[in-house]
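Results of the structural survey
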Amino acid sequence: MTMMNETIPAVKKQSTTDKPKYKGKTGARILHEMLIGPHKVEVMFGYPGGAILPVFDELYRTPAKFILNRHEQASGHCADGYARATGKPGVALVTSGPAATNMVTPLATAMMDSIPIICISGQVATKVIGNDAFQEADVTGITRPCTKWNYLVKDIRELPRVINEAFIVATSGRPGPVLIDLPKDISAGVCPEEVDDTPRPHIAKRLNASLTGGSNKQIHEAAELINRSQKPVLYVGGGAIISGAWKEVRELSEKGNIPCTTTLLGMGAFDELNPRTLHMLGMHGSAYANYAVQECDCLIAIGARFDDRVTGNLATFAPHAKIIHIDIDPSSISKTVDVDVPVVGDAKLSLQALLPLIETRERKGWFEQIRVWKEKYPFKYFDDSAHAKPQYVIEEINRQTKSEAIITTGVGQHQMWAAQFYRWRYPRQFLTSGGLGTMGFGLPAAVGAALGMPGKTVIDIDGDGSYLMTCYELATIAEYNIPVKVVILNNDFQGMIKQWQDLFYEQRYSQSKMKNPNFAAMAEAFGVKGIRCDDKKMVPKVVDQMLSHDGPVVVDFFVEPNEHVYPMVPAGKGLHELTLGVVANAGGVAAGRECFGLDAGSLA
Amino acid sequence: MSILIIFPEGLMRSVISALVVNEPGVLANVAGMFAARGFNIDSLVVGRTENPELSRLTVVCDADENTLEQVRKQLAKLVPVVKVRDFKDTAYVERDLALITVSVSPEKRSEVIEIVNLYRAKVIDVARESLMIEITGTEQKLESLLELLKPYGIKEMARTGVIAMARGMQPAKEEPAKPETSKKRVRSLSGAAGVALPPS
């Protein structure tokens, strides 16, 4: 028995008779030509600086679109939003030191949500690396845990191969961000000879992962389990969107007659106007989705990773279910929840193999049960305050955009309400930071999406707290006239923090109340149309005004500050132990706290 | 004399080996992953292989079954990792090497040399009041020699950590072990006191 003696074949030498591809060119030129050539990059985001100047000089007459952001964090989120909206990798170019450290948040955001980003950061010259030079930082060291892989190019002859490899790593298997750290003498230096740009075998073989579905045995076991089940539930995550499996997900639900719930990142993988939808599950998911998961006898997870916000208390999660888990990342399988049938491979290909084996079942009792739950416990709110309810604003946007806009969000209450009250029908329609929960993601992500999908209505549904974290991007939006619509659900609070302080900390609003600027006037100062809406009767009219305005617009909707997001599964509780919040909404905040029967100490 | 290594309940000692691409940053990446995910490692050894483009990385860790599976999968997920193997259910050889300096007076020297010979270890340096000993073997063998040398006074010690390889001949496979249902993490409502099922 041999072990691990896999050898890596020597790299093939390229024929030198062709016109030189790399010889005699600077690193910056090689990079630029490869980006816009073989890698078909159409839009780049970034900010110049000393160590990356040779690259920016090359970009002086680039045919690609370059968007100059006002902060590198925004460049990263723009590239992320672009990638989420289009499925193509987003590209960000920044300089060394502080610029690269500003990229850490967007890289970590993309890493958690499996989004392909290529970030090229400048670095001080190779000779002075390690000498604490001006604007030097150990960027490959700093970004190691928040990139799928990163490179420090120390020899210009490696550059072409590194660029090719970076795109493969970022987009293959479970996608993720890749950073290339490019010292100034490499980007300014000249490539002395024709070099081989072929990715090394251990990188090239990663492409296969996206080209194979689960094994036959796994697929057959899964089909048998599904066909035998009385009460199955589909639990669909962002992986289904990444692999383009949304058609197959819908077919599986149709053919097998299976209700379907989606995670925050899986929104749009299933059509929420389909009667089989259960909408979102998890901490702020629908009561019926959570009940269905707790009652089901077969849970079919597709491209989802059993995140703690989805499962609640693991010990009581889906107690009666056999679990099938389709995922391209083997490390996701049985990570937190033991899986009965793992299907390791691309979701789309796995489902295509699975579909012919699925038999249609009536499952009358199961759907009747779900119908009762849906009727009894819908997402709801009461129009019982002087201010507009945030849910109402979202419903109105949903109505007027006919559920067809691309929506981005920040993080917090507004994000959950958007997930609950917009009707998600199409993949790549809802762009939100799920895993890392990055406040300030909404505005730059909307810019990226608007550039990736010109002609589409792109709306950033934001909170006042999240919006302020990246509001400087108004300058970018104004400069390039990017037609992004910004909806601020303004309650002068960090709403989700307030909600927890209401429920678990006896209304001690420690550092969660904020005095906000006049958002409309602020937008106008940047050269973007600004509207303020204080009157709830005006909401439909203002939404219409916002949508019909040609160009970017910021609308500040003042909404009810005491509103809570419900249903809610308190931290550490099982999914079925959710609080519907009806009592809380009717009887006020204190009643809400009582219905949890919890105090702050018992919360994780 | 044998040394029993006792682990907390459910934990077991496992040796995992991985072939990784020989390039800068790989060790930092692997070590960082272990730290970030809270895996407990006893030793981590990286060294050259017969192929100059690849290095072999050997990890010894104490973990329960679930964690061990994650260690394996998370290692395999790293971009520069070409192949991962753990030696559970395989015949394999593992070796650790230690250099031990023992303080020993000339009168007791032969006594110590006798112990060294019994362990097929080597004396590689002699000074008036000390001996340096080289020993290779399994972790247990090293531990047991150390135990015997302790009374004389161990002045200094350096160990390489474990490296391992599978044997060329593997014992015939017995019938595949039945899936142990006991090790599975149980999900049920029984633990949650007084909690009603979803309302119908």
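1. Quick word on the domain arrangement of chain A
Residues and elements named next belong to chain A. Looking at chain A, the domain boundaries give domain 1 (27-209), domain 2 (216-376) and domain 3 (390-566). Domain 1 puts 6 residues into the contact, and the matching count from domain 2 is 5 residues. Residues that form the side of domain 1 that touches domain 2 fall into these classes: 2 nonpolar, 2 polar and 2 charged.

2. Quick look at the domain arrangement of chain B
All names here are of chain B. Its domain assignment divides chain B into domain 1 (12-89) and domain 2 (93-163). Taking the mean C-alpha position of each, domain 1 and domain 2 sit 29 Å from one another. Each partner contributes to the interface: domain 1 provides 7 residues, whereas domain 2 provides 5 residues. Broken down by secondary-structure element, the contributors of at least two residues to the side of domain 1 that touches domain 2 are strand S2 (41-48) and strand S3 (54-63). When residues of the side of domain 1 that touches domain 2 are assigned to their parent elements, the largest contribution, 4 residues, is made by S2.

3. Examining the packing of helix H18 (residues 390-400) of chain A against helix H25 (residues 539-548) of chain A
Residues and elements named next belong to chain A. At their nearest, the axes of H18 and H25 sit 10 Å apart, and the two run at 50° to each other. In terms of their interaxial angle, H18 and H25 are classed as oblique. Note that H18 runs across H25; the crossing there is right-handed. Contact residues: H18 offers Tyr-392, Val-393, Glu-396, Ile-397 and Gln-400, while H25 offers Val-539, Pro-540, Val-543, Asp-544 and Leu-547. Tallied by class, residues from the contact of H18 with H25 come to 7 nonpolar, 1 polar and 2 charged.

4. Overview of the sheet that holds strand S18 (residues 553-558) of chain A
All names here are of chain A. Spatially, S14-S13-S15-S16-S18-S17 is the arrangement adopted by the 6 strands of the open sheet, whose pairing is parallel. Each end of this open sheet is capped by a strand with a single partner; those strands are strand S14 (430-431) and strand S17 (529-533). Two elements, strand S13 (residues 406-409) and strand S15 (residues 458-463), share 4 bridges in a ladder whose sense is parallel. Bridging across to S15, Ile-407 finds its partner in Ile-459. Across the sheet, helix H20 (residues 442-452) lies against S13, S14, S15 and strand S16 (484-490), angled at about 175° from S15, the strand it touches most.

Cut-off values and rules
Residues numbered from 1 in each chain as written. Chains lettered and ligands numbered in written order. Predicted model: local features only at pLDDT ≥ 70, side-chain atom pairs only at ≥ 80, totals over all residues. Domains from an automatic or database assignment. Contact = placed C-beta atoms within 7 Å. Nonpolar A, V, L, I, M, F, W, Y, C, P; charged D, E, K, R; others polar. Helix = DSSP H or I, 4+ residues; strand = E, 2+ residues; numbered from the N terminus. Axes fitted to C-alpha atoms, helices over the stretch in contact; angles between N-to-C directions. Parallel < 35°, antiparallel > 145°, perpendicular 65-115°, else oblique. Left-handed = near helix turned anticlockwise from the far one by under 90°. Pairing = 2+ DSSP bridges.

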